[in-house]
Amino acid sequence: MKVTDIVKLLDGKIICGMEHGDYAIEVAFASDLMSDVLTLKNDHVLLITGLNNMQIIRTAEMSEINCIILARNKKASEEMLELARENELVIIECRYSVFKTCGLLFEAGVKPIF
Amino acid sequence: MSLDSDTMHFEYNVEGGNFTRAGYASSEIKKILKQLNVDMAIIKRTVVACYEAEVNVVAHAYSGTIYVNVSSESITIRLVDEGPGIPDIDLAMQEGYSTASSKVREMGFGAGMGLPNIKKNADKLVLSSEVNKGTTLEITMFFN
């Protein structure tokens, strides 16, 4: 599923990495615990989180994640966006809860890691 | 950075309590390893381990230094901190055990997974600590 299709499905907004709307997303993982995210072996996982701090961007950088959804209306700070741009990340803001976001993506065929 | 016959050395300072900057050193190390064309799977294991360790220094210590050595055979990362130290290393290595503050937990860490995850990613891990002095963690990754 393309990033642009995900944005439509979630009625969200790309706030960083607009030029990467063609990224293909196959698997996703939802967590507010970055240590959990850092145990994942897969690359290019879509991360869904309710956190909005610098560490989610750093975690994405270390884990080869290239797209993050900030659920439940969390907003990225300018500092986060700067780091995200440096790492060519896509950040999507979405007002739905983590649960609803996951449900919609699962229904649309995005796969869980395990 | 300094370069002798076949080993490269890098050093980074880590400031205890500065969560905004946590991960900066790991990020720089990742850039260097990419420039050196290190295998991506090894880079990921290295920087995940290094980042968890860097977050540990920020979360628990007053200050620290990360020393990186890259040779043709391996990458060695030594994190030396001044801090409270670890009274019981076996306990600290147990999954789920943590003494992290609520601030650390709010950042998405402090669930007692850092050290076990570092161990899983590293080819070799050596941890030593002295209470009220500090902790030294050495992570080694072998290319072959």
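Note: the structure precedes this text.
A. Just the overall build of chain B, in detail. What chain B contains, in helices and strands, is 5 helices and 6 strands. What you see in chain B, going N to C, is helices and strands ordered as β-β-α-α-β-β-α-α-α-β-β. In terms of C-alpha radius of gyration, chain B reaches 15 Å, essentially the compact-globule figure of 15 Å for 144 residues. Once the C-alpha set of chain B is aligned to its principal axes, its extents read approximately 40 × 25 × 25 Å. Scored against the burial criterion, the 144 residues of chain B give a buried share of 39%. Sequence separation of 24 or more characterises 62% of the internal contacts of chain B that already satisfy a separation of 6 or more.

B. How the structure looks around the sheet that holds strand β4 (residues 67–70) of chain A. Residues and elements named next belong to chain A. Spatially, β1-β5-β4-β3-β2-β6 is the arrangement adopted by the 6 strands of the open sheet, whose pairing is mixed. Here the strands that pair on one side only, and so sit at the sheet edges, are β1 (13–16) and β6 (111–112). Of the pairings in the sheet, the one linking β1 to strand β5 (residues 90–93) comprises 3 bridges and is antiparallel in character. Its bridge partner lying in β5, I14 is registered against I92.

C. Summary view of the interface of chain A and chain B. At the junction of the two partners, chain A supplies 17 residues and chain B supplies 18 residues. Those elements that place two or more of their residues in the side of chain A that touches chain B are α2 (34–37) and α3 (54–63) of chain A. For the side of chain A that touches chain B, a count of residues per class yields 7 nonpolar, 5 polar and 5 charged.

Definitions and cut-offs
Residues numbered from 1 in each chain as written. Chains lettered and ligands numbered in written order. Predicted model: local features only at pLDDT ≥ 70, side-chain atom pairs only at ≥ 80, totals over all residues. Helix = DSSP H or I, 4+ residues; strand = E, 2+ residues; numbered from the N terminus. Rg over C-alpha atoms; globule rule 2.2 N^0.38 Å. Buried ≥ 20, exposed ≤ 12 C-beta atoms within 10 Å, placed from the backbone. Contact = placed C-beta atoms within 7 Å. Pairing = 2+ DSSP bridges. Nonpolar A, V, L, I, M, F, W, Y, C, P; charged D, E, K, R; others polar.

By themselves these figures say nothing about function.
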